[in-house]
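The chain contents come next:
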2 protein chains.
Amino acid sequence: MSKVEVIALGGVGEIGKNCTVIRQDDDIVVIDCGLAFPNEEMPGVDIVIPDFTYLIENKDKVRGVFLTHAHEDHVGSLPYLLREMNVPVYASTFTHAMIQSKLEEKLNLKELKLKTFAFGDIIQAGSLSVEPIRVTHSIPENSSFAIRTGHGIILMTGDFKFDFSPVDGKLSNITRFGQLGEEGVVLLLSDSTNVDRPGWGPSERIVSEGLRRVFTQAEGRVLLTTFASNIHRMQQVYEVAAETGRKVACVGRRMENNIDVCTRLGYLHIPKGVRIKLDEINDYPPEQLAILTTGSQGEPMSALVQMSKQEYGRLQIKEGDTIIYSARPIPGNEAAIWRTVNRLFRLGAKVVYDSHPAPVHVSGHAYQEELKMMINLTRPFYLAPVHGEPRHQHLYLSIAEQMGHPEHRLFTMEDGVPLVLDETTAYQGERVACGRVLVDYSGTPGISDEVLRDRNNLARDGMITVTVAVDPEAGEIVGDPMIQAKGFHGPEGVLDRASDILWDALNALNKADLRDIDKLRRDIADLLRKYIQKQTNLRPMILPSVIEV
Amino acid sequence: MSKVEVIALGGVGEIGKNCTVIRQDDDIVVIDCGLAFPNEEMPGVDIVIPDFTYLIENKDKVRGVFLTHAHEDHVGSLPYLLREMNVPVYASTFTHAMIQSKLEEKLNLKELKLKTFAFGDIIQAGSLSVEPIRVTHSIPENSSFAIRTGHGIILMTGDFKFDFSPVDGKLSNITRFGQLGEEGVVLLLSDSTNVDRPGWGPSERIVSEGLRRVFTQAEGRVLLTTFASNIHRMQQVYEVAAETGRKVACVGRRMENNIDVCTRLGYLHIPKGVRIKLDEINDYPPEQLAILTTGSQGEPMSALVQMSKQEYGRLQIKEGDTIIYSARPIPGNEAAIWRTVNRLFRLGAKVVYDSHPAPVHVSGHAYQEELKMMINLTRPFYLAPVHGEPRHQHLYLSIAEQMGHPEHRLFTMEDGVPLVLDETTAYQGERVACGRVLVDYSGTPGISDEVLRDRNNLARDGMITVTVAVDPEAGEIVGDPMIQAKGFHGPEGVLDRASDILWDALNALNKADLRDIDKLRRDIADLLRKYIQKQTNLRPMILPSVIEV
């Protein structure tokens, strides 16, 4: 029988840009197509997407992309993949609704093959099939996938938690996981993000209690910040606001758009009369107001951050406001978030963060006991944690081992390295083309490592340009050379001394030296670089322009 | 009677660069002289120090600098202050020993007035006096200061915790705090960093237990990373290593230097035969080795980070190594730390972080109940939290209020705004010169906001230089113009199209246009900037050089 290969193009050994390829002979299904956020070593990078080379090379085999849910780290790179291949995209109604506007920006919606699935459907994809199973998470219509292969079921949990009192009342189909276990799960690809949290995660329901407490006690307005896609959280805000006699306005274009779409499709039920426009907030006293806002990650251009800097025209923070952080910081954003929190305190607001004094956020990912329950239900032969960094993978596998799974059936996957299942065994194959692609703010992918290195160097010590005009025929310098610096700082006068030395060196050159423009350019750069480094220990970028006249 | 002013030049409303001025008439004492670390918006900045303008303007009144302890955020900017004024520096023997090498790098030690105090001394400083009181923290010989003024005692706690089983066995002088309370504390300036942690912080002693567990269970080598100044932690490592049959080597120049100094002065007691040189580790099997290393904050040039990248010549991470993170991440360093942790896991090592599964780190700062105990002991009339961000100050004051302190005697101080005590009242005065001074890697202070802005712009979208040679007399362009880009990325061919447009525009200029060099330069920059921004939404820095030949 043929081999089955599982290849993560992103999302294992890292958190973000989830994209998993499952291949059986000439049939490929792709699970999720997400993006990652740049880290502080990637200035000028808007988003990070997977390298799709492997899929492009096997374009004719791709039977479809299946989306587990509508979070950016699972759907955000879809426009970039669809640009390369117009393959069918299977997702829930909700997920399709949420990604529509993003797809529209970059592609012609009418030409796309967007297909909606219902939980329980079995979608044939060549020799493979995909069955979506409902499972709870911090977003509606979240799905696990059972992919049936010649070697048994591959179960991809996607992001999940077992929440027995979800906000939308729609429970995980636990029984189905058990049935699939009985049918035979050959490989479990499990969420592992929260594996370092012992016990069982709290239900989303407790956030309502926390919000109720804060909304009741707050003497002024309440502002709440969360991700624009956190529809459940917004539902809770509207409900608690209705109970506690507050109207709810919203700032942030994307959040507002999501509220509109979800209300229309029935995923968000706003109690009558609770929603108001931002312009209407002056019609109500502060204690009757709540405001939803973006900016939970300290994003510089977000409404909340601009409010904290008193630079937001439409809304000003006032003494007596209470601001609720109802989201977990994405690693790397902590410092920016604290700066915002502190600015808000300085403006006389109170800020509820870290769920003190009331629980105002819970994670959407399974804790240890939930992860174990998934293993218990599905009884997989092989296990491989996904959606986790090496530290999470390591801990997940040590827990699986404690549960009695032998080490040789446990896999620490890596992006780009196929996990191959054949009749009798599983092993890691030869790495395929795989990596990260950096997209700039113009939406153009492919910022190179060299450009990134240059940017980091430019940022560190700035740059110095030297412009010299040469008449190569005559072998002489024409006019006055020019030196300019940007972003450079060093001991006083160091640039003046550097240019004196440079001009002395230029004047000492003979006609022959001045005819070799390339060498002249290199020599100028070397001289300046060495002098500056010796004097200051700094390494600004040196950019010589030798112009022939 | 005269006024007493308390002016923080750093360290309130922020964590870092602690420096507090206490002034009574013509007498000034300075408590601490620390640095802060740059955040991600400050590329190329090595350290951040206070603006000393106020002290420089009042140089003749400064009776001395008093150091609470040897952490960088309390002593790191001292060389920069002493460069401006050679005032006496009072500190414990240990603190002096730790700062010596840093002072030596920048100043002539022999000319400095370094004075050692013992706990219990009362040091006269003009009309003020300063009494150091021993209090526990994560470093030896840590001090609070009682400053006697005409209006009573100002008690500056400095960094502290109440640890009843400190590693060096030297207990806080709780009784003295109580006696000072009886004498009359007019103002308590209290540490507030950990005010959001309820209860009582664990003793440093429990770290030994955690280390013992990890050292015993680890099958291979143990590497432990902490701050180079954490002498207590190193003491524990040596002791636990001796107990568990391991030798201890050290990587990291500064750490090694501190170990030497502290051993010589009797602050570090290394059991006989435990300390080995790094070169000697090959003489022992892995299970008999422990290694101290710098790099707990993910610093790119540190030994541990380089080891994680397999770029460290003197020591390689091996499968089976256990790495202990025995330090708290400074906010902003989280992402870099996680990257290192994950790389270590990838190399087959186990990493103990977040004190799981064993407690391998405790904080050196007082938790809520300890902070309350300090208030209880000293019974201050006025209270002002220091060493905290606005969120900490806010919480501290709400706790003080709960303890019965009336709101009008509680102060949220700000850097540079004097807290003035007179006979009957306290109030916040007029802001003095105050701010942050950014020091580059050459040690030169004063990186301007403009340079910082340029650096951030350069990093974001890179830069484009255009070089044009003009003969202004003839009113014509000479030779071929040149365009160069660094760190720039955009849609393919955009630079070629930009230069075509630019050359067309240049060719259309008449002789008069070409004679006004400044205008020509501006026009070139404008044209290019607008074109690039319109085509790409990017804003690279444009640097035109128009050279006259």
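*Asks:* Can you break down the overall build of chain A residue by residue, with the values?
*Replies:* Helix and strand content of chain A: 15 helices and 24 strands. Considered along the principal axes of its C-alpha atoms, chain A spans approximately 85 × 70 × 50 Å. Burial analysis of chain A (549 residues in total) assigns 59% to the buried set. Of the contacts made within chain A by residues no fewer than 6 positions apart, 72% connect residues no fewer than 24 positions apart. On chain A, roughly 21,700 Å² of surface is accessible, and the fraction owed to carbon and sulfur atoms is 46%. The distance from the centre of the 59 positive side-chain charges to the centre of the 74 negative ones in chain A is 4 Å.

*Asks:* Break down the relation of the copies chain A and chain B for me, with residues and values.
*Replies:* You can overlay chain A on chain B at an RMSD of 0.2 Å; the transform is a turn of 180 degrees with a shift of 0.1 Å along its axis. Expressed as a symmetry operation, the mapping of one chain copy onto the other fits a two-fold axis. Distance from the rotation axis, computed per C-alpha, reaches its smallest value in chain A at alanine 459 of chain A: 2.4 Å. Looking at chain A, 99% of its interface residues are interface residues in chain B too, so the copies touch through the same face.

*Asks:* Outline the interface of chain A and chain B, listing residues and values.
*Replies:* The extent of an interface is frequently quoted as the accessible surface area lost upon association of the parts. Listed by partner, the interface residues are 68 residues for chain A and 67 residues for chain B. Regarding the contact of chain A and chain B, the summed buried area is about 5,600 Å², with carbon and sulfur atoms giving 61% of it. For the interface between chain A and chain B, the tally reads four salt bridges. Arginine 339 of chain A is the partner of glutamate 40 of chain B in a salt bridge, and the nearest nitrogen-oxygen pair spans 2.7 Å. Inspection of the chain A/chain B interface yields 26 residue pairs in polar contact (both at pLDDT 80 or more). Residue assignment for the side of chain A that touches chain B shows that the elements contributing at least two residues are α10 (334-346), α12 (390-402), α13 (449-461), β22 (463-471), β23 (476-486), α15 (517-536) and β24 (541-548) of chain A. Tallied by class, residues from the side of chain A that touches chain B come to 30 nonpolar, 20 polar and 18 charged.

*Asks:* Please give an account of the confidence of the model for chain A that cites residues and values.
*Replies:* The predicted model of chain A has a mean per-residue pLDDT of 94, with 100% of residues at 70 or higher. The ipTM assigned to the predicted complex is 0.87, against a pTM of 0.91.

*Asks:* Let's hear about the packing of helix α5 (residues 174-183) of chain B against helix α11 (residues 368-378) of chain B: which residues, and what values?
*Replies:* All names here are of chain B. One can describe the packing of α5 onto α11 by two numbers: an axis separation of 6 Å at closest approach and a directional angle of 50 degrees. On the basis of their axis angle, the class for α5 and α11 is oblique. Contact residues: Ile174, Phe177, Gly178 and Gly181 in α5; Met373, Met374, Leu377 and Thr378 in α11.

*Asks:* Break down the environment of aspartate 60 of chain B for me, citing the residues and quoting the values.
*Replies:* Residues and elements named next belong to chain B. Inspection of the secondary structure assignment puts aspartate 60 in the loop between α1 (53-57) and β5 (62-66). When its relative accessible area of 58% is taken as the criterion, aspartate 60 is described as exposed. Residues aspartate 60 and leucine 543 lie 483 residues apart in sequence; the distance between their C-alpha atoms is 47 Å.

*Asks:* Please set out the state of the cysteines residue by residue, giving values where relevant.
*Replies:* Residues and elements named next belong to chain A. With the rule as written, the count across this model stands at zero disulfides over all chains. Sulfur of cysteine 434: no disulfide; nearest cysteine sulfur belongs to cysteine 19 and is 8.9 Å away. With relative accessibility at 25%, the residue cysteine 434 sits in the partly exposed group.

*Asks:* I'd like a rundown of empty space enclosed by the protein, residues and numbers included.
*Replies:* Taken as a whole and assessed by the stated rule, the structure comprises six cavities of 30 Å³ or more. Each pocket or cavity is described by its volume, and for the largest cavity that value is around 90 Å³. As for the largest cavity, its lining consists of 15 residues, and the residues nearest its centre are Asn18, Thr20, His74, Met156 and Val386 of chain B. Each residue belonging to the lining of the largest cavity can be placed in one class, and the counts come to five nonpolar, seven polar and three charged. Together, Gly10, Gly11, Asn18, Thr20, Ile31, Asp32, His74, Met156, Gly158, Asp159, Val386 and His387 of chain A line the second largest cavity. In terms of residue class, the lining of the second largest cavity is made up of three nonpolar, seven polar and two charged.

*Asks:* Hey, could you go over the sheet that holds strand β12 (residues 185-191) of chain B for me, with residue numbers and the actual values?
*Replies:* Residues and elements named next belong to chain B. Ordered by their spatial adjacency, six strands build an open sheet running β8-β9-β10-β11-β12-β18, and the pairing between neighbours is mixed. Of all strands in the sheet, those bounded by a partner on one side alone are β8 (123-125) and β18 (382-386). Each adjacent strand pair in this sheet contributes to an overall mean axis angle of 20 degrees, direction not counted. Sheet topology places strand β10 (residues 143-149) next to strand β11 (residues 152-156); five bridges connect them, and they run antiparallel. Note that in β11 the partner of isoleucine 147 across the bridge is isoleucine 154. Packed on one face of the sheet, α5 meets β9 (128-134), β10, β11 and β12 and runs near 150 degrees to β9. The sheet strands contacting α11 are β11, β12 and β18, and the helix crosses β12 at an angle near 165 degrees.

*Asks:* Outline the pairing of strand β13 (residues 222-225) of chain B, listing residues and values.
*Replies:* All names here are of chain B. Neither face of β13 is open: one carries Val222 and Leu224, the other Leu223 and Thr225, and all of them are buried. Bridging between β13 and strand β15 (residues 289-293) involves four bridges; their strand directions are parallel. Within β15, the position partnered with leucine 223 by the bridge is isoleucine 291. For β13 and strand β16 (residues 322-325), the ladder comprises four bridges, and the chain directions are parallel. When the bridges of β16 are listed, threonine 225 appears paired with tyrosine 325.

*Asks:* Residue-level account of the side chain of aspartate 321 of chain A, with values.
*Replies:* All names here are of chain A. Tracing the chain through its elements places aspartate 321 in the loop between α9 (303-308) and β16 (322-325). A relative accessible area of 2% means that aspartate 321 is categorised as buried. Residue contacts for aspartate 321: discarding those within four places in its chain leaves Arg221, Leu223, Gln316, Ala349 and Lys350.

*Asks:* Outline unusual backbone geometry, listing residues and values.
*Replies:* One non-glycine residue, arginine 379 of chain A, lies in the positive phi region at around 40 degrees. If you trace the backbone, arginine 379 of chain A turns up in the loop between α11 (368-378) and β18 (382-386). The residue histidine 387 of chain B is not glycine, and still its phi comes out positive at about 50 degrees. When you line up the elements, histidine 387 of chain B lands in the loop between β18 and α12 (390-402). With relative accessibility at 4%, the residue histidine 387 of chain B sits in the buried group.

*Asks:* Which residues make up the packing of helix α6 (residues 205-217) of chain B against helix α7 (residues 231-243) of chain B, and what values go with them?
*Replies:* All names here are of chain B. Put simply, α6 and α7 touch, their axes get as near as 9 Å, and they point 40 degrees apart. Taken together, α6 and α7 sit at an angle that is classed as oblique. Taken as a pair, α6 and α7 cross one another with a handedness that is right-handed. Where α6 approaches α7, its residues Arg205, Val207, Ser208, Leu211, Arg212 and Phe215 are matched on the opposing element by Arg233, Gln236, Val237, Val240, Ala241 and Glu243. Its residues placed into classes, the contact of α6 with α7 shows six nonpolar, two polar and four charged.

*Asks:* Kindly report on the pairing of β16 of chain B, identifying the contributing residues and their values.
*Replies:* Along any regular strand the residues' side chains alternate between the sheet's two faces. All names here are of chain B. Side chains of β16 alternate between two faces, with Thr322 and Ile324 and Ile323 and Tyr325 buried alike. The sheet contact formed by β16 and strand β17 (residues 350-352) spans three bridges and is parallel. Across the sheet, isoleucine 323 pairs through a bridge with valine 351, a residue of β17. Tracing the backbone out of β16, into helix α10 (residues 334-346) and back to the parallel element β17 gives a crossover that is right-handed.

*Asks:* Any chance you could break down the environment of valine 494 of chain A for me, citing the residues and the numbers?
*Replies:* All names here are of chain A. The topology assignment puts valine 494 in helix α14 (residues 494-507). Sequence separation of valine 494 and valine 274 is 220 residues, and the distance between their C-alpha atoms is 64 Å. Not counting the four nearest positions on each side in its chain, valine 494 is found in contact with Phe488, Tyr531, Gln535 and Thr536.

*Asks:* Tell me what's going on with the sheet that holds strand β11 (residues 152-156) of chain A, and back it up with residues and numbers.
*Replies:* Pairing between the strands of a sheet comes from backbone hydrogen bonds, and it takes one of two forms, parallel or antiparallel. Residues and elements named next belong to chain A. Taken together, six strands build an open sheet; the order of strands is β8-β9-β10-β11-β12-β18 and the sheet is mixed. At either end of the open sheet lies a strand with only one pairing partner, and these are β8 (123-125) and β18. Neighbour-to-neighbour, the strand axes of this sheet turn through a mean angle of 20 degrees, independent of strand direction. Across the face of the sheet, helix α5 (residues 174-183) comes into contact with β9 (128-134), β10 (143-149), β11 and β12 (185-191) while running at roughly 145 degrees to β9. The sheet strands contacting α11 are β11, β12 and β18, and the helix crosses β12 at an angle near 165 degrees.

Scoring rules and cut-offs
- Residues numbered from 1 in each chain as written.
- Chains lettered and ligands numbered in written order.
- Predicted model: local features only at pLDDT ≥ 70, side-chain atom pairs only at ≥ 80, totals over all residues.
- Heavy atoms only, no water.
- Helix = DSSP H or I, 4+ residues; strand = E, 2+ residues; numbered from the N terminus.
- Buried < 20%, exposed > 50% of the residue type's maximum accessible area, 1.4 Å probe, protein only.
- Contact = heavy atoms within 4.5 Å.
- Areas by Shrake-Rupley, 256 points an atom, 1.4 Å probe, with all protein chains shown as cover.
- Lys, Arg positive; Asp, Glu negative; His and termini not counted.
- Charge placed at Lys NZ, Arg CZ, Asp CG, Glu CD.
- Least-squares fit on C-alpha atoms with pLDDT ≥ 70 in both.
- Buried area = accessible area lost by both parts, 1.4 Å probe.
- Salt bridge = Lys/Arg side-chain N within 4 Å of Asp/Glu carboxyl O.
- Polar contact = N/O pair within 3.5 Å; in protein donor to acceptor, adjacent residues only side chain to side chain.
- Nonpolar A, V, L, I, M, F, W, Y, C, P; charged D, E, K, R; others polar.
- pLDDT = per-residue confidence, 0-100.
- Axes fitted to C-alpha atoms, helices over the stretch in contact; angles between N-to-C directions.
- Parallel < 35°, antiparallel > 145°, perpendicular 65-115°, else oblique.
- Disulfide = S-S within 2.5 Å.
- 1 Å grid on protein atoms, 1.4 Å probe; cavity = no way out; pocket = protein on both sides within 12 Å on 5 of 7 lines; lining within 4 Å.
- Points joined across faces, edges and corners; volume = space filled by probe spheres on them.
- Pairing = 2+ DSSP bridges.
- Left-handed = near helix turned anticlockwise from the far one by under 90°.
- Right-handed = clockwise from strand over helix to strand, strands pointing away.

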